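Structural overview for review
As a plain string of letters, each chain reads:
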Amino acid sequence: MSAHPAARYVSLALIYIIWGSTYLAVRVIVGDEALTPLQLQLLRSIAATVLCVILVLARRLRTRATHRPLPAAPTLAPRTRARLALVAMGSGVLLWTLGNGLTTIAAKDTASSFIVMSMGTIPLWTVAVDAVLTRRLPTRRIIVAVLVGFAGLVLVLVPGLTSGSIITPGRGGPIMVLLMVSALTWTLGTFAQERVGASFDIWELSAWQYLGATLTLAVPVLLAGAPLHLGAVRAVQWVAFAFLVLFGSLIGMAAYAVVLRSFSPPVASTFAYVNPLVGILLGAVVLHETIAVVSLAGLVVVL
């Protein structure tokens, strides 16, 4: 069932603003190595999983107490539900372990505003993936737009390879790969979530997604064996972490689920158009980051 028209657009506005600011929060946390990027992503996923499970249980207890049926997803056979839960977990791996996790790794060596500009390529990947999945070639107009968009992407990314103030010297190539794979896997995760989103309550869907991310993130964190220095985390970093969990993970994903139920994936991906503007503003004001004029011109071309 589609959300109320007002809720659709409020949800779209929320992901426009919230996800444009999460890269700044990540940069604040991993900037002084109090936590490794993977540790941050794992702790964020664990916290989000626990909170989502609490919300699911609280809603069920409240429903039983009032003897009202849940306005939930349709009744499913156990085997079907298990299969859909696995798909939901897989979408969480694509979205959070790979999509968001790779940007978290990149944040250690990259300006937050540059990361959020790179994520402006998500709508371009969405058009390409949609064409593959539907086996329908885009119209000539869309093909031209995508080519122009990738030309703008080149303008956005090139300064990162040449300026030591944007990407840590010597890390340009790997960071570019991380960001492009991140945008692509986020796109794939969006399509996967769209397939199962209507089968679950929003919080249950998010719980399955974060559980998938938690299980897959735990493996590289344990293999890395890096000590966890929670005592070294400063107060401002805990505030940033709370923002990531409550707003970036819970409110952001709930809003994104509403958006995906109400709009097509290409429309849902338009958050990547607005996020760079939010990210650039916050990066400049809070972290005093500077962005090359060429990158700004490239962002205009992508838009």
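What counts as what
Residues numbered from 1 in each chain as written. Predicted model: local features only at pLDDT ≥ 70, side-chain atom pairs only at ≥ 80, totals over all residues. Heavy atoms only, no water. Core = buried A, V, L, I, M, F, W, Y, C linked by side-chain atoms within 4.5 Å. Buried < 20%, exposed > 50% of the residue type's maximum accessible area, 1.4 Å probe, protein only. Helix = DSSP H or I, 4+ residues; strand = E, 2+ residues; numbered from the N terminus. Contact = heavy atoms within 4.5 Å. Patch = residues over 30% accessible without salt bridge, like charges linked within 9 Å, V, L, I, M, F, W, Y side chains within 5 Å. Areas by Shrake-Rupley, 256 points an atom, 1.4 Å probe, with all protein chains shown as cover. Salt bridge = Lys/Arg side-chain N within 4 Å of Asp/Glu carboxyl O. Axes fitted to C-alpha atoms, helices over the stretch in contact; angles between N-to-C directions. Left-handed = near helix turned anticlockwise from the far one by under 90°. Nonpolar A, V, L, I, M, F, W, Y, C, P; charged D, E, K, R; others polar.

What to know about the nonpolar core
- If you look at the biggest cluster of nonpolar residues, it comprises 63 residues, and the most contacted ones within it are Ile 15, Trp 19, Phe 114, Leu 179, Trp 186, Tyr 256 and Phe 271.
- In terms of residue count, helix α1 (residues 5–30) provides more of this core than any other element does, 11 residues in total.
- Once residues within four sequence positions are removed from consideration, Tyr 256 is found in contact with Ile 15, Trp 19, Trp 186, Thr 190, Gln 193, Ala 268 and Phe 271.
- Counting 10 residues, the second-largest nonpolar core is a separate cluster that includes Leu 84, Val 196, Phe 200 and Val 258.

Section: a nonpolar patch on the surface
- On the surface, Val 10, Leu 14, Leu 246, Phe 247 and Ile 251 cluster together into a nonpolar patch covering about 390 Å² of accessible area.
- Listed by contribution, the elements that provide at least two residues to the nonpolar patch are α1 and α9 (235–262).
- It is α9 that contributes the most residues to the nonpolar patch, three residues altogether.
- One can find Val 10 in helix α1.

Brief notes about unusual backbone geometry
- Phi is positive for Arg 135, which is not a glycine, with a value near 55°.
- As for its position among the elements, Arg 135 is in the loop between α5 (122–134) and α6 (140–162).

Looking at the packing of helix α2 (residues 37–66) against helix α3 (residues 78–106)
- It is at 10 Å that the axes of α2 and α3 come closest, and there the two elements cross at 145°. Handedness of the α2/α3 crossing: right-handed. Of the residues in α3, those in contact with Pro 37, Leu 38, Leu 40, Gln 41, Arg 44 and Arg 60 of α2 are Arg 81, Trp 96, Asn 100, Gly 101, Thr 104 and Ile 105.
- A class-by-class count of the residues in the contact of α2 with α3 yields five nonpolar, four polar and three charged.

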